[in-house]
Amino acid sequence: MTCESPGEGHWFVFRGDQLLVEMGPLERPSDDLRVRARPAWARLPLHKHHNWLGSTANRTLYLGCLAGTDLWAAELSAGSEPPAGMSWEGLRTLFTVLEDGHFALAGRALQLIDWDRTHQYCGRCGAPTEAKRDERVRICPACKLSAYPRVAPAVMALVRRGRELLLARSPHFPPGMYSALAGFVEPGESLEQCLAREVAEEVGVQISNTRYFASQSWPFPHSLMIAFVCDWVSGELRPQASEIEAANWFDVLQLPKLPSKISIARRLIDAVVAQMRGEYAGKA
Ligand SMILES: [Zn+2]
């Protein structure tokens, strides 16, 4: 199952949702003091022995072989101190700082660690489960129930009305920031039905003409966000009190503070804004 010629392996070691990395000096990407300093580089620990963490690891999983190097994931307990010369960092900080391939796999490693932690016992009969050697599944030896890693789909809707975009604020957003609407798919629902329901529930408007944009894995803990653009059909904005703090139609040239460029929400908004500006520039 491991690489054909086992040697050193890269390790994704998590404490909660923080990853253990060796980091270069902090650098500020611009002279603007409001821009947060970021490490110049970061890399994963590289070790030859698969028990280098000793008894400190709560669990260790083999992830696979990448370009001849084995990849491992491990979890340490809350409060664990990093080894000398290393530190715990959130995945957001490591975007574009950690090698792209490793950054993408960090989300997978985190999801598999979470799945392993939460499937130690059978959900049907309560017996301890066992890992299968050649497949990513935990099996109950008593009743044979299989527990595979699962992904929870969620949809995102950017609603257009003429030259306006519908953006909303959730109470947990940073001050002043607005984004597209989003919500989890419920059992038995299609993505299109979920979009229509979420938009109707959250802001009280009806939509049509949904167009797929892109999707993004979101490992907190195991979501897949699927983003769409759609058109307003009818209804006035009535924000749902418990979920939406504010919702507004924004002119494409007068948008509020938006989510960071790491998010699919921002990529979706930027793409639609570029397209709309092109449309209106063409008419001017
Ligand atoms: Zn069972």
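See the structure printed just above.
What you see is a predicted model; the values in this text were computed from it and never measured.

I would appreciate a short explanation of the coordination of the zinc ion in the present structure.
At the metal site, the zinc ion is ligated by Cys122 (SG), Cys125 (SG), Cys140 (SG) and Cys143 (SG), and these contacts range over 2.3 to 2.4 Å. The coordination sphere of the zinc ion comprises 4 donor atoms, whose angles at the metal cover 99 to 121°; the geometry is tetrahedral. Within one chain, the residues serving as donors to the zinc ion are arranged as C-x2-C-x14-C-x2-C. Pair noted here: Cys125 is in the loop between α2 (100–118) and β10 (130–131) and Cys143 is in the loop between β11 (138–139) and β12 (146–147), with a separation of 18 residues, a long-range link. Judged by relative accessible area, which is 25%, Cys143 ranks as partly exposed.

Help me understand the pairing of strand β15 (residues 181–184) in this model?
Taken residue by residue, a regular strand's side chains alternate between the two faces of the sheet. Residue alternation in β15 divides its side chains into a buried set, Leu181 and Gly183, and an unburied set, Ala182 and Phe184. Pairing of strand β13 (residues 152–161) with β15, which is carried by 4 bridges, proceeds in the antiparallel orientation. If you follow Ala154 over to β15, its bridge partner there is Phe184.

Explain the environment of Ser170 to me, please; I cannot follow it from the model alone.
Summarising the element assignment, Ser170 is placed in the loop between β14 (164–169) and β15. In this structure the C-alpha to C-alpha distance between Ser170 and Gly235, which are 65 residues apart in sequence, comes to 20 Å. Not counting chain neighbours up to four residues away, the residues in contact with Ser170 comprise Glu243 and Glu245. Polar side-chain contacts of Ser170 include one of 3.0 Å to the side chain of His172.

Cut-off values and rules
Residues numbered from 1 in each chain as written. Predicted model: local features only at pLDDT ≥ 70, side-chain atom pairs only at ≥ 80, totals over all residues. Heavy atoms only, no water. Donors = N, O, S within 2.8 Å, 3.2 Å for Na, K, Ca; no water. Tetrahedral: all angles 85-135°; square planar, octahedral: opposite > 155°, others 65-115°. Helix = DSSP H or I, 4+ residues; strand = E, 2+ residues; numbered from the N terminus. Buried < 20%, exposed > 50% of the residue type's maximum accessible area, 1.4 Å probe, protein only. Pairing = 2+ DSSP bridges. Contact = heavy atoms within 4.5 Å. Polar contact = N/O pair within 3.5 Å; in protein donor to acceptor, adjacent residues only side chain to side chain.

Honestly, it's all geometry; don't read function into it.
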